Amino acid sequence: ANFLEGTHIPEGSTIPPKIPTKGVIEMQAQIAVDCSKEIAFNFITSGAELPNWLKKVGKIPAALNAENLGKTYNKSGDQRIVYFDGGESVHEELLTFNPFANYSYKASKFTNVLKKFSDEAYSQVWFDTMDDQTRITWNYIYTAKNFIARFLLKFILRLIKYEEFMEVSLENAKDYIENGD
């Protein structure tokens, strides 16, 4: 299934008609949070809140801030740059934005070592209700430049514990949403 099906793709956008599914590296993290879907969605999608949950984990630096490249970051085609400690950054473009349910984005223009192996990644974040809690599910798909790059990228993502970064980040979000810290 193509999660972009039926999505309006703005003129000049770099949104692909389909998300790659072959030869990709997929990761997922999930957590249940004691709050409404609205609170969780607004927290996770806020560029101002990124430093409160995307913190340093191992070799992966903390997010410092996000700069919108337009007026907003709440509809397909909107773009922003996320800056990390140590001077790293990534360009994000919203693919879908369905308040309180889900959103997805393409990550590209990596300034870290990943740029040698991947030109882009795709992420989806889903929010659903489960036993009076909001379940947040974060999927990440990395594309590789070629077969050798895919092998090396998979090794590097394992080495830097990217999936652990995702899990710890969602735990940080849960703690901040539920406790304010």
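As the structure is a prediction and not an experimental result, all values here were calculated from the model.

1. Points about the overall build of the protein
For step 1, the next point in the chain: The number of helices and strands found in the protein is four helices and seven strands.
For step 2, the next point in the chain: From first element to last, N terminus to C terminus, the protein shows the α and β order β-α-α-β-β-β-β-β-β-α-α.
For step 3, the next point in the chain: Since a compact globule built from 181 residues should have a radius of gyration of about 16 Å, the 16 Å found for the protein is in line with a globular shape.
For step 4, the next point in the chain: Seen through its C-alpha atoms, the protein measures out along the principal axes to roughly 45 × 40 × 30 Å.

2. Brief notes about the pairing of strand E5 (residues 102-108)
For step 1, the next point in the chain: Counting buried positions over the seven residues of E5 gives seven, a clear majority of the element.
For step 2, the next point in the chain: Residues of E5 alternate between two faces, with Asn102, Ser104, Lys106 and Ser108 on one and Tyr103, Tyr105 and Ala107 on the opposite face, all of them buried.
For step 3, the next point in the chain: Across seven bridges, strand E4 (residues 89-98) lies against E5 in antiparallel orientation. From the neighbouring strand, Asn98 faces E5, where its bridge partner is Asn102.
For step 4, the next point in the chain: Counting the residues that bridge the hairpin from E4 to E5 gives three residues, and of these Phe100 lies at a positive phi of roughly 70 degrees.
For step 5, the next point in the chain: Bridge analysis of E5 against strand E6 (residues 120-130) gives seven bridges, and the strand direction is antiparallel. For Ala107, the partnering residue across the bridge sits in E6 and is Ala121.

3. Describing a nonpolar patch on the surface
For step 1, the next point in the chain: Together, Phe147, Ile148, Phe151 and Leu152 give the surface a local cluster of nonpolar side chains, amounting to about 470 Å² of exposed area.
For step 2, the next point in the chain: Tracing the backbone through its elements, the reader meets Phe151 in helix H3 (residues 147-159).

4. A few points about the sheet that holds strand E7 (residues 133-142)
For step 1, the next point in the chain: Spatial ordering of the open sheet is given by E1-E7-E6-E5-E4-E3-E2, a layout of seven strands whose pairing is antiparallel. Sheet topology places strand E1 (25-33) and strand E2 (63-68) at the edges, where each strand pairs with a single neighbour. Averaged over all pairs of adjacent strands, the angle between their axes in this sheet comes to 25 degrees, without regard to strand direction.
For step 2, the next point in the chain: As defined by bridge partners, strand E3 (residues 79-84) adjoins E4 across five bridges and the pair is classed as antiparallel. Paired with Arg80 across the two strands is Glu92, which belongs to E4.
For step 3, the next point in the chain: Contacting E3, E4, E5, E6 and E7, helix H1 (residues 37-45) runs over the sheet at an angle of about 160 degrees to E6.
For step 4, the next point in the chain: Helix-sheet contacts for helix H4 (residues 162-179) involve E1 and E7, and the interaxial angle to E1 is about 20 degrees.

Conventions adopted
Residues numbered from 1 in each chain as written. Predicted model: local features only at pLDDT ≥ 70, side-chain atom pairs only at ≥ 80, totals over all residues. Heavy atoms only, no water. Helix = DSSP H or I, 4+ residues; strand = E, 2+ residues; numbered from the N terminus. Rg over C-alpha atoms; globule rule 2.2 N^0.38 Å. Buried < 20%, exposed > 50% of the residue type's maximum accessible area, 1.4 Å probe, protein only. Pairing = 2+ DSSP bridges. Patch = residues over 30% accessible without salt bridge, like charges linked within 9 Å, V, L, I, M, F, W, Y side chains within 5 Å. Areas by Shrake-Rupley, 256 points an atom, 1.4 Å probe, with all protein chains shown as cover. Salt bridge = Lys/Arg side-chain N within 4 Å of Asp/Glu carboxyl O. Axes fitted to C-alpha atoms, helices over the stretch in contact; angles between N-to-C directions. Contact = heavy atoms within 4.5 Å.

Any functional reading would require information beyond the geometric quantities listed.
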